[in-house]
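Observations on the three-dimensional arrangement
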Amino acid sequence: MSDSPGWRTVITRTQWLVLAGTTMGWALDGFAGSLYSLILGPAMTELLPHSGIAVSGGTIGLYGGITVALFLFGWGTGGILFGILADYFGRVKVLSAGIVTYAVFTALAAFADTWWQLGVLRFIAGLGSGVEAPVGAALVAEVWRNKYRARACGVMMSGYALGFFLAALAYAILGNHGWRLMMGIAVLPALLVYFIRRHVPEPPEVAHGIRARRERRAAGTRTAEDRFVLARLLSPPLLRRTLVGTALATGSLVAFWSVSTWYPQVIRQAAAAAELDPSVANGRVALASMLFNAGGILGYATWGFLADAIGRRKAFATSFAISAVSVALLFPVHPGWGAFLLVLPVAGFGLYGALSGILVYGPELFPPSVRATGMALYNGIGRYLTAAGPLVAGVIAASWFSGDLGLATTCVVAVGMLGALGLFFAPETKGQPLPSDAVPAREEIH
């Protein structure tokens with residue numbers, strides 16, 4: 001946080017605890033998710049023959065892409081379901097349930113025997129993984145109700161890249177022991193639930209709103225705020241904000257997941273073409289992943305500061321531009337290994353920065369009674385559309401580019417970047433308070 005005068009007196013112990021809990025949760029979510037990107041190639045190489053499928057660059061791309069698509073589809077579905085539950089039953093309980101779900105089912109993937117079993121387990125893990133970003137970001141924004149709100153959300157979002165970095169480090173140390181061990185250690189996030197349930201409180205505004213809704217229902221009275229949350233978000237005046245969030249989320253997510261899924265396999269393809277030993281390829285993947293995510297940590301953590309300095313819309317435009325240029329340099333140009341390593345952290349900075357933005361910006365679009373659902377909805381729709389990204393990249397690599405995943409990924413990212421058009425319709429929220437419901441929750445209690 002900034003060392004401006006008085007900040008230590010403005011930020012409370014509770015705010016620090018909430019930020020620590022949500023950041024750790026998001027980091028461990030990223031840890032579990034990144035492990036799969038790192039072991040996708042070896043896992044498919046082992047599981048495809050068990051499924052009666054010959055191993056090749058094309059089949060790894062196709063069936064690996066399907067498993068990633070299933071995870072993202074589960075992430076979108078789980079995010080929406082858990083988001084609705086969080087608006088009706090509170091943030092903390094729902095957040096804990098989601099963390100346990102993704103941790104346990106990611107670890108169970110270590111016991112898969114075929115690619116489709118792995119795909120099913122990845123889908124269920126995705127259901128739980130979808131809760132952390134929208135509900136965690138809403139929780140941070142609601143507790144940090146001061147001028148440091150955007151920066152706190154950005155710091156929370158940096159946890160995801162930190163998780164990716166830790167996964168790369170774990171892979172560098174344990175990767176040669178096999179992909180199943182790597183999946184097994186993904187159960188670690190479940191241990192975080194104890195900390196969250198003990199130290200992270202429910203925001204008073206949310207608790208009052210939930211209690212007020214229950215009292216109105218018991219009394220047989222209804223207000224506009226009692227309409228089902230999805231109906232409110234998909235009709236004016238909130239519809240426009242839902243569509244803006246969906247466009248920005250889709251552009252950010254398609255670009256990120258296409259690159260983060262396939263750059264390890266791109267490195268392996270190049271190593272195989274150069275007839276390098278598989279252990280050398282694994283070392284290169286681990287190094288590249290640590291650099292990509294080091295840039296990502298910086299992109300995540302600084303987005304809130306950048307948005308406070310130049311505004312939300314300009315910060316998004318900056319992230320999208322950096323992402324587009326760096327992806328164009330990484331894949332179609334086929335730079336040497338040294339140049340690849342130099343550009344990769346820049347790509348991480350831009351891609352992760354945009355992801356940070358969609359969740360720093362999200363709480364500023366919706367009132368508390370629909371905030372978690374609103375963020376989960378546009379993220380969920382973005383995930384559904386994104387689910388096709390890694391899959392399409394794998395398919396067109398096999399069909400059009402002779403297995404060249406780099407060129408295929410570039411094409412998918414270029415299409416995804418069309419989501420940046422949502423900036424033309426996005427409201428600027430810099431310096432504005434969080435939206436509130438038309439009838440304050442505290443008044444509804446009486």
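In the block above lies the structure referred to throughout.
Below, the structure is looked at part by part. Note that the structure is a prediction, hence the values are computed from the model and not measured. (Residues numbered from 1 in each chain as written. Predicted model: local features only at pLDDT ≥ 70, side-chain atom pairs only at ≥ 80, totals over all residues. Heavy atoms only, no water.)

It is worth spelling out the overall build of the protein at this point. The helix and strand tally for the protein stands at 18 helices and zero strands. Radius of gyration (C-alpha) of the protein: 21 Å, near the 22 Å computed for a compact globule of 446 residues. Viewed in the frame of its principal axes, the protein has a C-alpha envelope of about 75 × 45 × 40 Å. Classification of the 446 residues of the protein by burial places 59% in the buried group. In the protein, of all internal contacts separated by at least 6 residues, the share reaching a separation of at least 24 is 83%. By element, 69% of the accessible surface of the protein is carried by carbon and sulfur atoms, the whole surface being about 16,600 Å². For the protein, the separation between the mean place of its 31 positive charges and that of its 21 negative charges on side chains is 5 Å. (Helix = DSSP H or I, 4+ residues; strand = E, 2+ residues; numbered from the N terminus. Rg over C-alpha atoms; globule rule 2.2 N^0.38 Å. Buried < 20%, exposed > 50% of the residue type's maximum accessible area, 1.4 Å probe, protein only. Contact = heavy atoms within 4.5 Å. Areas by Shrake-Rupley, 256 points an atom, 1.4 Å probe, with all protein chains shown as cover. Lys, Arg positive; Asp, Glu negative; His and termini not counted. Charge placed at Lys NZ, Arg CZ, Asp CG, Glu CD.)

We now examine a positive patch on the surface. On the surface, Lys93, Arg197, Arg214 and Arg217 cluster together into a patch of positive charge. With respect to the helices and strands, the residue Arg217 is situated in helix α10 (residues 204–219). Looking at Arg217, the relative accessible area reads 58%, which means it is exposed. (Patch = residues over 30% accessible without salt bridge, like charges linked within 9 Å, V, L, I, M, F, W, Y side chains within 5 Å. Salt bridge = Lys/Arg side-chain N within 4 Å of Asp/Glu carboxyl O.)

By size, the foremost hydrophobic cluster in this structure holds 124 residues, and its most contacted members are Met44, Tyr160, Phe256, Trp257, Phe292 and Ile358. The element best represented in this core is helix α2 (residues 13–50), accounting for 14 residues. Look past the residues within four positions of Met44 in its chain and what remains in contact with it is Tyr36, Pro49, Val55, Ile60, Tyr63, Gly64, Thr67, Trp115 and Leu118. (Core = buried A, V, L, I, M, F, W, Y, C linked by side-chain atoms within 4.5 Å.)

On to the side chain of Thr67, then. Locating Thr67 in the fold gives a position in helix α3 (residues 57–89). A polar contact of 2.6 Å, which involves the side chain of Thr67, links it to the side chain of Tyr36. Dropping the residues within four chain positions of it, Thr67 is found in contact with Tyr36, Met44, Trp115, Gly119 and Arg122. (Polar contact = N/O pair within 3.5 Å; in protein donor to acceptor, adjacent residues only side chain to side chain.)

Moving on: the packing of α2 against helix α7 (residues 149–174). Running from N to C, α2 and α7 point in directions that differ by 35°, and their axes come no closer than 6 Å. Every pair of crossing elements has a handedness; the one defined by α2 and α7 is right-handed. (Axes fitted to C-alpha atoms, helices over the stretch in contact; angles between N-to-C directions. Left-handed = near helix turned anticlockwise from the far one by under 90°.)

Below, the discussion takes up a nonpolar patch on the surface. Together, Val100, Val104, Leu108, Phe111 and Val187 make up an exposed nonpolar region whose accessible area comes to about 410 Å². Classification of Val187 by relative accessible area gives partly exposed; the value is 36%.

Moving on to the environment of Leu276. For Leu276, the location among the structural elements is in the loop between α12 (239–273) and α13 (278–310). Beyond its immediate sequence surroundings of up to four residues, Leu276 is in contact with Ala271 and Arg284.

Looking now at the packing of aromatic side chains. Under the definition given, this model contains 21 aromatic pairs. Taken together, a centroid distance of 6.3 Å and an interplanar angle of 80° make the contact between Trp26 and Trp75 edge-to-face. Taken together, the residues Trp26 in helix α2 and Trp75 in helix α3 connect sequence positions 49 residues apart. One exposure class covers both Trp26 and Trp75, and it is buried. Members of the aromatic cluster, joined through ring pairs, are Trp26, Phe71, Trp75, Phe256, Trp257, Tyr263, Phe292, Tyr300 and Tyr352. The ring centre of Tyr36 lies 4.4 Å from the NZ or CZ of Arg122, which sits over that ring. Here Arg122 stacks its cationic end above the ring of Phe71, 4.3 Å away from the centre of that ring. (Phe/Tyr/Trp six-rings, centres within 6.5 Å; stacked < 30°, edge-to-face > 60°. Lys NZ or Arg CZ within 6 Å of the ring centre and 35° of its normal.)

Moving on: the pattern of salt bridges. Tallied over the entire structure, the rule returns 10 salt bridges. Here Arg216 makes a salt bridge to Asp226, at a shortest N to O gap of 2.7 Å. With Arg216 in helix α10 and Asp226 in the loop between α10 and α11 (229–233), this pair connects stretches of sequence that are 10 residues apart. Across the pair, exposure class does not vary: Arg216 and Asp226 are buried alike. Shared partners join several salt bridges into a network, and the residues in it are Arg149, Arg151, Asp308, Arg312 and Glu364.

Further remarks concern the packing of α13 against helix α15 (residues 337–361). Think of two packed helices as two axes; the pair is described by the angle between the axes and how far apart they sit. It is the contact of α13 with α15, at a shortest axis distance of 6 Å, that shows an interaxial angle of 40°. Between α13 and α15 lies a crossing whose hand is right-handed. Among the residues forming the contact of α13 with α15, the class breakdown is 18 nonpolar, nine polar and one charged. (Nonpolar A, V, L, I, M, F, W, Y, C, P; charged D, E, K, R; others polar.)

With 12 residues, helix α17 (residues 405–416) should cover 16 Å at 1.5 Å per step; its first-to-last C-alpha distance of 16 Å lies within 8% of that length. Residues Leu405, Gly406, Ala408, Thr409, Thr410, Val412, Val413 and Gly416 constitute the buried set of α17. (Expected span 1.5 Å × (residues − 1).)

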